[in-house]
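Report on the structure
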Amino acid sequence: FWPWFIIALPASAVIASLYTVSLAVRTTDSLVVSSEDGMDVVASRHLAAERVAAENSIRATLAFDLDSGAIKATLTADAGVDWPKTLQLLLSHPAFANRDQRITMTAAMPDSDGNPVWSGHFVEIPGGRWYVVLADGDNWRLSGSWSGASALQLAPARAMDDGQG
C-alpha cells in the first residue's frame, strides 16, 4: 500500500497541473479588454479624456427608473463645454464581459436649472455591482460604480482618486 500511496501524491500533482494547462489553453480571460490599438494607447486615451473632464469640472448625475428601465443623465460643467447630441453609457460587469451593456444616450430637454439632459433605456435591467462610464467618445469621460441605486454621481476618475470628487 505505502509505495503506491507515495507514488500517487506526485502523480496527482502532475494530473492536476496538466488539467490546469488544458483549462488555460481552452478558455480566454474575459477580464482583459483588448483593442486593435494596443492597451497602452487605449489607456492613454482614457487618461486624456478623464483629464479633459477634470479640467472642465464635468460632473453627471444619473437617475435610474428600475421599473421601466429609463435612464436620465444630467450634466454640469464650467462654461464653454460643447455638449454632443449623444453620449455613450457603458455598464461593465466586474467579472463577466458578456454581461456588459453599452447604451446610447440622446440629448433631451434641459432641466429646470438649464443643465443639459440625456436620456436612454436599459436593454435589460442589471442587478448587482457594475462599473459605469459615461463618455463623449474620446473627448471626455466620467466613471463610477453602481450597485442598483436609483441615482448615481459620476466624476472624472482622476478627480475621485485625488479626493476631489
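Everything here concerns the structure above.
Let us look at the structure shown here. (Residues numbered from 1 in each chain as written. Predicted model: local features only at pLDDT ≥ 70, side-chain atom pairs only at ≥ 80, totals over all residues. Heavy atoms only, no water.)

The next thing to look at is the overall build of the chain. A count of helices and strands for the chain gives 3 helices and 8 strands. In the chain, the succession of α and β elements from N to C terminus is α-α-β-β-β-β-β-β-β-β-α. Within the chain, counting contacts between residues at least 6 apart in sequence, those at least 24 apart form 53% of the total. Accessible surface, the chain: about 10,500 Å² in total, of which carbon and sulfur atoms supply 58%. (Helix = DSSP H or I, 4+ residues; strand = E, 2+ residues; numbered from the N terminus. Contact = heavy atoms within 4.5 Å. Areas by Shrake-Rupley, 256 points an atom, 1.4 Å probe, with all protein chains shown as cover.)

Glancing now at the pairing of strand S4 (residues 101-108). Of the pairings in the sheet, the one linking strand S3 (residues 86-92) to S4 comprises 6 bridges and is antiparallel in character. When the sheet's bridge partners are listed, Leu89 is paired in S4 with Ile103. Across 3 bridges, the pairing between S4 and strand S5 (residues 117-121) is antiparallel. Within the sheet, the bridge partner assigned to Thr106 lies in S5 and is Ser119. (Pairing = 2+ DSSP bridges.)

The sheet built from 8 strands is open, its strands ordered S7-S6-S3-S4-S5-S2-S1-S8 with antiparallel pairing. At either end of the open sheet lies a strand with only one pairing partner, and these are strand S7 (140-146) and strand S8 (151-154). The average angle at which neighbouring strand axes cross in this sheet is 25°, direction not considered. Sheet analysis places strand S2 (residues 70-76) next to S5, joined by 5 bridges and oriented antiparallel. Within the sheet, the bridge partner assigned to Ala70 lies in S5 and is His121. (Axes fitted to C-alpha atoms, helices over the stretch in contact; angles between N-to-C directions.)

Attention now goes to the pairing of S2. Regular strands place side chains that alternate from one sheet face to the opposite one. In this sheet, S2 lies alongside strand S1 (residues 59-65) in antiparallel orientation, the contact comprising 7 bridges. Considered in S2, the bridge of Thr61 is made with Thr74. Counted along the chain from S1 to the antiparallel partner S2, the turn is 4 residues long, and its residue Gly69 has a positive phi close to 90°.

Further remarks concern the nonpolar core. Counting 24 residues, the largest nonpolar core has Leu62, Leu75, Leu89, Met105 and Leu134 as its most contacted members. Those elements that place two or more of their residues in this core are S1, S2, S3, S4, strand S6 (130-136), S7 and S8. Not counting the four nearest positions on each side in its chain, Met105 is found in contact with Ile71, Lys72, Ala73, Lys85, Thr86, Leu87, Leu89, Trp118, Ser119, Gly120 and Leu134. (Core = buried A, V, L, I, M, F, W, Y, C linked by side-chain atoms within 4.5 Å. Buried < 20%, exposed > 50% of the residue type's maximum accessible area, 1.4 Å probe, protein only.)

Under the criterion given, the structure shown has 8 aromatic pairs. Arranged with centres 5.8 Å apart and planes meeting at 20°, the rings of Phe1 and Phe5 form a pair that is stacked. Classification of Phe1 by relative accessible area gives exposed; the value is 68%. (Phe/Tyr/Trp six-rings, centres within 6.5 Å; stacked < 30°, edge-to-face > 60°.)

A contiguous nonpolar patch, built from Phe1, Trp2, Phe5, Ile6 and Leu9 and spanning about 620 Å² of accessible area, is present on the exposed surface. With respect to the secondary-structure elements, Phe5 resides in helix H1 (residues 2-26). (Patch = residues over 30% accessible without salt bridge, like charges linked within 9 Å, V, L, I, M, F, W, Y side chains within 5 Å. Salt bridge = Lys/Arg side-chain N within 4 Å of Asp/Glu carboxyl O.)

With that out of the way, let us pick up unusual backbone geometry. Unusually for a residue other than glycine, Ser57 sits at a positive phi of about 50°. Accessibility expressed as a relative area gives 32% for Ser57, which makes it partly exposed.

With that settled, consider the environment of Ala49. Relative to the helices and strands, Ala49 resides in helix H2 (residues 39-55). For the pair Ala49 and Ala135, spaced 86 residues apart in sequence, the C-alpha separation works out to 8.4 Å. In this structure Ala49 touches Asp138, Asn139, Trp140 and Arg141, once residues within four positions along its chain are discounted.

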